[in-house]
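A look at the structure
Residue-level listing of the chains:
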Amino acid sequence: MTPAAYVHLDLQAARHNLQQVKRYAPDNKIMAVIKANAYGHGISRIAEALTEADGFAVARVDEGVRLRQAGFNQPITVLQGFVCHNELELILQNQLDSVIHNPDQIEILQQHASDKRQLRIWLKMDTGMNRLGFKGAEFNAAYQQLSHSPLIQQPINLISHFANADDLLDDKTRQQVELFNQATTDYPGQRSIANSAGIIGWPNVNSDWVRPGLMLYGCSPFAGKTGADFGLKPVMNLHSRLIAVKNVAAGETVGYSGTWQAPSDTRLGVVSIGYGDGYHRHTRSGAPVLVNGQRVPLIGRVSMDMITVDLSSQANAKIGDPVTLWGDGLAIEEVAHFADTIPYTLLCGITQRVQIVEHPYT
Ligand SMILES: *Cc1c(COP(=O)(O)O)cnc(C)c1O
């Protein structure tokens, strides 16, 4: 019998999605974003599957160090850079590339001016996200400072980040591109601005490197769409099994707080998956679940280790039957909709106790 709650990683799908990125951005280099344990998929296995990428991006220094320790030799960019000397030292030792986004980092770099090693950086411009980066004149001042530092590999690379690229009607993206292009037009370094939504939705944005995250995992960055709409395939398939099948009489309630009441005698299935595995507690009754490959609705509250489903349409369902919570045949975007969230949080939310396997159980 299959284990309870496990993820089948479809690495073939990951490679396919990378090829799709190349189709959307044929003239660009690809920095595959594998932060947060590769969006919950497992960083090493995803990095291994994506060797065709030109480099990787992670959020934090320790993620980059772990990748190096696992033996990956590609360029690895640390999107948040360092906050102290120790972290800069780890970056240098591990030959990671660092985003530079604030004056404190430049101060730290200047104290390392006599260091004989070289650091490749991405100088970040804040073009409207108002999270990390230098704005306007400060960006140019930072560029000048860093272009004279022997520690910094020249020419300096240039980076910014979209705030609203998933909204194709919002003019902000075009404004961000314009600001970035204006500020960097005289600089010789490589440029990077587009995330998944930028790659798919704003094809005319010109930057040397694209930074896909979500689309590599087969998901749509646009609300109301699924990855399949853009030729992407789901990498994460979350599975479990039925552990009880029973009948409840009309008028009975099911689960904590009795939020679901049987309108008529109902055949009910209990699935071994819950918020303790990363299936969101706020997923509403009616959310689709695949039992034996057929859609049935979630009913009642999600508990830590279990959910309940309406099996009225499956007279023969029995204990041990396979259940899919999302993946092939059931888009995670649909489930996210019923949980009032986005696919990012569902992917990242898979917990430690969920086994991750590379081959489906048969
Ligand atoms: C996470 C991240 C990305 C990838 O974003 P997706 O929407 O997942 O494609 C790209 N760039 C930066 C700076 C990020 O933090």
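The coordinates are above.
As a starting point, this report considers the structure included with it. (Residues numbered from 1 in each chain as written. Predicted model: local features only at pLDDT ≥ 70, side-chain atom pairs only at ≥ 80, totals over all residues. Heavy atoms only, no water.)

Let's shift gears to the site of the ligand. Around the ligand sit Val33, Lys35, Tyr39, Leu79, His161, Asn195, Ser196, Arg211, Pro212, Gly213, Leu214 and Tyr344, and those are all the residues in its vicinity. Within the side chain of Arg211, an N or O atom sits 2.9 Å from a nitrogen atom of the ligand. At 2.9 Å, a backbone N or O of Gly213 approaches an oxygen atom of the ligand. Burial of the ligand by the protein amounts to 91% of the accessible area it has alone, namely 390 Å². According to the grid-proximity analysis, the pocket containing the ligand is the largest pocket. For the shell around the ligand, the residue count by class is six nonpolar, four polar and two charged. (Near = heavy atom within 4 Å. Polar contact = N/O pair within 3.5 Å; in protein donor to acceptor, adjacent residues only side chain to side chain. Areas by Shrake-Rupley, 256 points an atom, 1.4 Å probe, with all protein chains shown as cover. 1 Å grid on protein atoms, 1.4 Å probe; cavity = no way out; pocket = protein on both sides within 12 Å on 5 of 7 lines; lining within 4 Å. Sits in = over half its atoms within 2 Å of the grid points. Nonpolar A, V, L, I, M, F, W, Y, C, P; charged D, E, K, R; others polar.)

Let us look at the nonpolar core. Ranked by internal contacts, the top residues of the largest apolar core, which has 109 residues, are Ile34, Tyr279, Val289, Ile307 and Trp326. The leading source of residues in this core is helix H1 (residues 11-24), at five residues. Counting residues domain by domain, this core receives three or more from each of domain 1 (11-219) and domain 2 (236-357). With residues up to four places along the chain from it excluded, the contact list for Trp326 reads Met236, Asn237, Leu238, Gly278, Tyr279, Ile332, Val335, Leu346 and Ile350. Listed in part, the eight residues of the second largest apolar core include Val248, Val254, Trp260 and Val270. (Core = buried A, V, L, I, M, F, W, Y, C linked by side-chain atoms within 4.5 Å. Buried < 20%, exposed > 50% of the residue type's maximum accessible area, 1.4 Å probe, protein only. Helix = DSSP H or I, 4+ residues; strand = E, 2+ residues; numbered from the N terminus. Domains from an automatic or database assignment. Contact = heavy atoms within 4.5 Å.)

Now for the packing of aromatic side chains. This model, assessed by the stated rule, comprises seven aromatic pairs. Judged by centre distance (6.1 Å) and plane angle (85°), the rings of Trp122 and Trp209 are edge-to-face. Of the two residues, Trp122 is situated in strand E6 (residues 121-124) and Trp209 in strand E9 (residues 209-210); the sequence distance between them amounts to 87 residues. Look at Trp122 and you get buried, because its relative accessible area is 4%. We classify Trp209 as buried; its relative accessible area is 11%. Here the aromatic rings of Tyr143 and Tyr187 are separated by 3.6 Å at their centres, their planes lie at 0°, and the arrangement is stacked. Within this pair, whereas Tyr143 is found in helix H7 (residues 136-147), its partner Tyr187 is found in the loop between helix H8 (172-184) and strand E8 (191-192), the two being separated by 44 residues in sequence. The exposure class assigned to Tyr187 is buried, which follows from its relative accessible area of 12%. (Phe/Tyr/Trp six-rings, centres within 6.5 Å; stacked < 30°, edge-to-face > 60°.)

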